[in-house]
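One-letter residues, chain by chain:
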Amino acid sequence: RLRKWQERIRTKDAGERNLQFALSEVDRMASALGVPRSVREVASVIYRRALNEDLIRGRSIEGVATAALYAACRQEGIPRSLDEVAEVSRVPQKEIGRTYRYISQELGLELKPVDPKQFVPRFASELGLSEEVQSKATEIIDVSAEQGLLSGKSPTGFAAAAIYAASLLCNEKKTQREVADVAQVTEVTIRNRYQEQIEAMGFR
Amino acid sequence: MSSPADSIEIQNVVASTGIGQELDLEALAEDLPGADFNPDNFPGLVYRTQSPKAAALIFRSGKIVCTGAKSIDDVHEALGIIFEKLRDLTIPVEDDPEITVQNIVSSADLGHNLNLNALAIGLGLEDVEYEPEQFPGLVYRMDEPDVVILLFGSGKIVITGGKRTEDAQEAVEQIVERIEGLGLLS
DNA sequence: GCTTTAAAAAGTAACTT
DNA sequence: AAGTTACTTTATAAAGC
């Protein structure tokens, strides 16, 4: 009976330690990503829900913590790409994506697909581009998405191309390489999306 | 009057069977020209048939998985060839081993572009997985028939998880009806 | 969970020419 | 810049770790 008790305390302690570890990891990654405190709080709520629903079994604590943070960023409307999240996590990108899809399904998060426009302010400011370029990029995204060009395309690549196009239109040109670097996509992707977008805008 | 259902093409059929006889795969790998056997990697021996084109995974237990065939008839033909090859090597093979189709992968074309963002919301986010950052297709799990459909912006689709030829047919009819009902089949 | 096999869809990436 | 190759997703059996 005494042993059982000690075991209970031990597992409870272990559980507490695991939770502490997960939340401190969320905190560490959130800081590295520069997301506000509110996002970390949403992420810990998601993590605790996953824990209560026993979704961690068979998965790494760090993987679930990272996926919770990725989900929280999306839920709060300030998404980070899987690439960006993977950079501050010790979990491979593929596992983060897989874990995100799992907890998202099981917790019924029902997050809408990421809107490329949500990347515009951050990418544009990293490139030192003006408000004018940002609103032009936003317009390009809206117009080309409305014409059905967004289906199946990566939101970061779509946003990157629109920012590149807008920088040209507003005489604040950035090279494809510069835009590609902040958005973490290739120049080829920017070129492909850019061509479709300027055609959709009626330029050419 | 071409309907999407007419565009269905079976792309891959997976089936399992067994010869009811244990096998020495090391010996079989020697006797079967073209056989790949790397037990450190995978417990099955891989054997490919040329016509019809298919790949078989042959296990020590005598159980066999056949994949890559373009029709159920091709599965039977390919396995028939393998059964004969084994008999030629004086390995006793049951007269008519039962062949079970486990999965059929089909492709089809809805004939219209799809707005996957609108479709994700229209079909219900709870039944849909659409993560264009990870994969360009929208994943839709259908209950009846029990299949998974991948839908792409081009209107091309993939139906998998079905065990009968009719599953793809029914799935296409169902998904067309649902998308039309949402007014999203431009 | 993973390992292997096959096939389609379309996007993205990493190479080579 | 174009071309090739390869990887992402889905399902499915097999035996074993």
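- In the annotation of an unreviewed UniProt entry, chain B is listed under the name TATA-box-binding protein and assigned to Halolamina pelagica.
- The record held by UniProt for chain B lists under Function (unreviewed entry) the comment "General factor that plays a role in the activation of archaeal genes transcribed by RNA polymerase. Binds specifically to the TATA box promoter element which lies close to the position of transcription initiation."
- Database annotation for chain B, UniProt heading Sequence similarities (unreviewed entry): "Belongs to the TBP family."

Overview of the overall build of chain A
Reasoning step 1: Along its length, chain A carries 10 helices and zero strands.
Reasoning step 2: In sequence order, chain A lays out its α and β elements as α-α-α-α-α-α-α-α-α-α.
Reasoning step 3: With the principal axes as the frame, chain A shows a C-alpha extent of 80 × 30 × 25 Å.
Reasoning step 4: Classification of the 204 residues of chain A by burial places 49% in the buried group.
Reasoning step 5: Put simply, 72% of the contacts in chain A that link residues at least 6 apart link residues at least 24 apart.

Focus on the protein's contact with DNA strand D
Reasoning step 1: With respect to spatial proximity, 22 residues lie near DNA strand D, and among them Lys94 of chain A together with Arg60, Ser61, Asn103 and Arg141 of chain B are the closest.
Reasoning step 2: Contact between DNA strand D and Asn103 of chain B: a base nitrogen at 2.7 Å from a side-chain N or O atom of the residue.
Reasoning step 3: Elements supplying a minimum of two residues to the surface near DNA strand D: helix 5 (93-106) of chain A together with strand 5 (63-69), strand 6 (100-109), strand 9 (147-151) and strand 10 (156-162) of chain B.

A short note on the protein's contact with DNA strand C
Reasoning step 1: Near DNA strand C you find 30 residues, and of these Thr189 and Arg193 of chain A together with Lys53, Thr67 and Ser154 of chain B are the closest.
Reasoning step 2: For DNA strand C, the backbone makes up 74% of the atoms found within 4 Å of the protein, where backbone means sugar plus phosphate.
Reasoning step 3: The separation between a phosphate oxygen of DNA strand C and a polar side-chain atom of Thr186 of chain A is 2.9 Å.
Reasoning step 4: A distance of 2.8 Å separates a phosphate oxygen of DNA strand C from a polar atom in the side chain of Arg48 of chain B.
Reasoning step 5: The element that contributes the greatest number of residues to the surface near DNA strand C is strand 1 (residues 9-18) of chain B, accounting for three residues.
Reasoning step 6: Residues that form the surface near DNA strand C fall into these classes: 12 nonpolar, 11 polar and seven charged.

Things to note about the sheet that holds strand 4 (residues 54-58) of chain B
Residues and elements named next belong to chain B.
Reasoning step 1: Ordered by their spatial adjacency, 10 strands build an open sheet running 2-3-4-5-1-6-10-9-8-7, and the pairing between neighbours is antiparallel. Strands at the two margins of the open sheet, each flanked by one partner only, are strand 2 (36-37) and strand 7 (128-129).
Reasoning step 2: By the bridge criterion, two bridges tie strand 7 to strand 8 (residues 138-142) in an arrangement that is antiparallel. Paired with Glu129 across the bridge in strand 8 is Val139.
Reasoning step 3: Packing of helix 3 (residues 116-123) onto the sheet brings it into contact with strand 7, strand 8 and strand 9, and relative to strand 8 it is tilted by some 25°.

A few points about the environment of Val143 of chain A
Residue and element names in this part refer to chain A.
Reasoning step 1: Tracing the sequence through the fold places Val143 in helix 7 (residues 131-146).
Reasoning step 2: Here the alpha-carbon distance between Val143 and Gln197, two residues 54 residues apart in the chain, equals 8.3 Å.
Reasoning step 3: When residues no more than four places from it in sequence are discounted, the contact partners of Val143 are Ala200 and Met201.

With respect to the domain arrangement of chain B
Reasoning step 1: Domain boundaries in chain B define domain 1 (14-100) and domain 2 (109-180).
Reasoning step 2: Using only C-alpha atoms to locate each centre, domain 1 of chain B and domain 2 of chain B end up separated by 34 Å.

Comments concerning the interface of chain A and chain B
Reasoning step 1: Residue-level contacts link 20 residues of chain A with 16 residues of chain B.
Reasoning step 2: Across the interface of chain A and chain B, roughly 1600 Å² is buried in total on both sides, 49% from carbon and sulfur atoms.
Reasoning step 3: Three residues stand out in chain A for area buried against chain B, namely Arg101, Pro113 and Ser151 of chain A, and they jointly supply 33% of the buried area on that side.
Reasoning step 4: The tally of links from chain A across to chain B stands at two salt bridges.
Reasoning step 5: Among the ionic pairs, Glu131 of chain B bridges to Arg74 of chain A, the shortest N-O distance being 2.6 Å.
Reasoning step 6: Contributions of two or more residues to the side of chain A that touches chain B are made by helix 3 (61-75), helix 4 (82-88) and helix 5 of chain A.

Looking at the pattern of salt bridges
Reasoning step 1: Under the counting rule described, the total for this entry stands at 19 salt bridges over all chains.
Reasoning step 2: Measuring nitrogen to oxygen at the nearest pair gives 3.7 Å for the salt bridge that ties Arg90 of chain A to Glu62 of chain A. Of this pair, Arg90 of chain A sits in the loop between helix 4 and helix 5 while Glu62 of chain A sits in helix 3; the two residues are 28 residues apart in sequence, bridging distant segments of the chain.
Reasoning step 3: We classify Arg90 of chain A as exposed; its relative accessible area is 59%.
Reasoning step 4: Residues Arg164 of chain B and Asp167 of chain B are paired through a salt bridge, measuring 2.6 Å at the closest nitrogen-oxygen approach.
Reasoning step 5: Each of Glu25, Arg28, Glu62 and Arg90 of chain A takes part in salt bridges that share partners, so that together they form one network.

Concerning the nonpolar core
Residues and elements named next belong to chain A.
Reasoning step 1: Counting residues in hydrophobic clusters, the biggest one holds 36 residues, and the most contacted among them are Ile46, Tyr47, Leu69 and Leu107.
Reasoning step 2: Put simply, the parts of the chain that give this core at least two residues each are helix 1 (2-33), helix 2 (37-52), helix 3, helix 4 and helix 5.
Reasoning step 3: With nine residues, the single largest contributor to this core is helix 3.
Reasoning step 4: Apart from the residues within four sequence positions on either side, Leu107 is in contact with Ile46, Arg49, Ala50, Glu53 and Leu55.
Reasoning step 5: Ala124, Ala159, Ala165 and Ala166 belong to the second-largest nonpolar core, a separate cluster that totals 33 residues.

Criteria and cut-off values
Residues numbered from 1 in each chain as written. Chains lettered and ligands numbered in written order. Predicted model: local features only at pLDDT ≥ 70, side-chain atom pairs only at ≥ 80, totals over all residues. Heavy atoms only, no water. UniProt positions renumbered as here; feature names shortened; annotations may be inferred. Helix = DSSP H or I, 4+ residues; strand = E, 2+ residues; numbered from the N terminus. Buried < 20%, exposed > 50% of the residue type's maximum accessible area, 1.4 Å probe, protein only. Contact = heavy atoms within 4.5 Å. Near = heavy atom within 4 Å. Polar contact = N/O pair within 3.5 Å; in protein donor to acceptor, adjacent residues only side chain to side chain. Nonpolar A, V, L, I, M, F, W, Y, C, P; charged D, E, K, R; others polar. Pairing = 2+ DSSP bridges. Axes fitted to C-alpha atoms, helices over the stretch in contact; angles between N-to-C directions. Domains from an automatic or database assignment. Buried area = accessible area lost by both parts, 1.4 Å probe. Salt bridge = Lys/Arg side-chain N within 4 Å of Asp/Glu carboxyl O. Core = buried A, V, L, I, M, F, W, Y, C linked by side-chain atoms within 4.5 Å.

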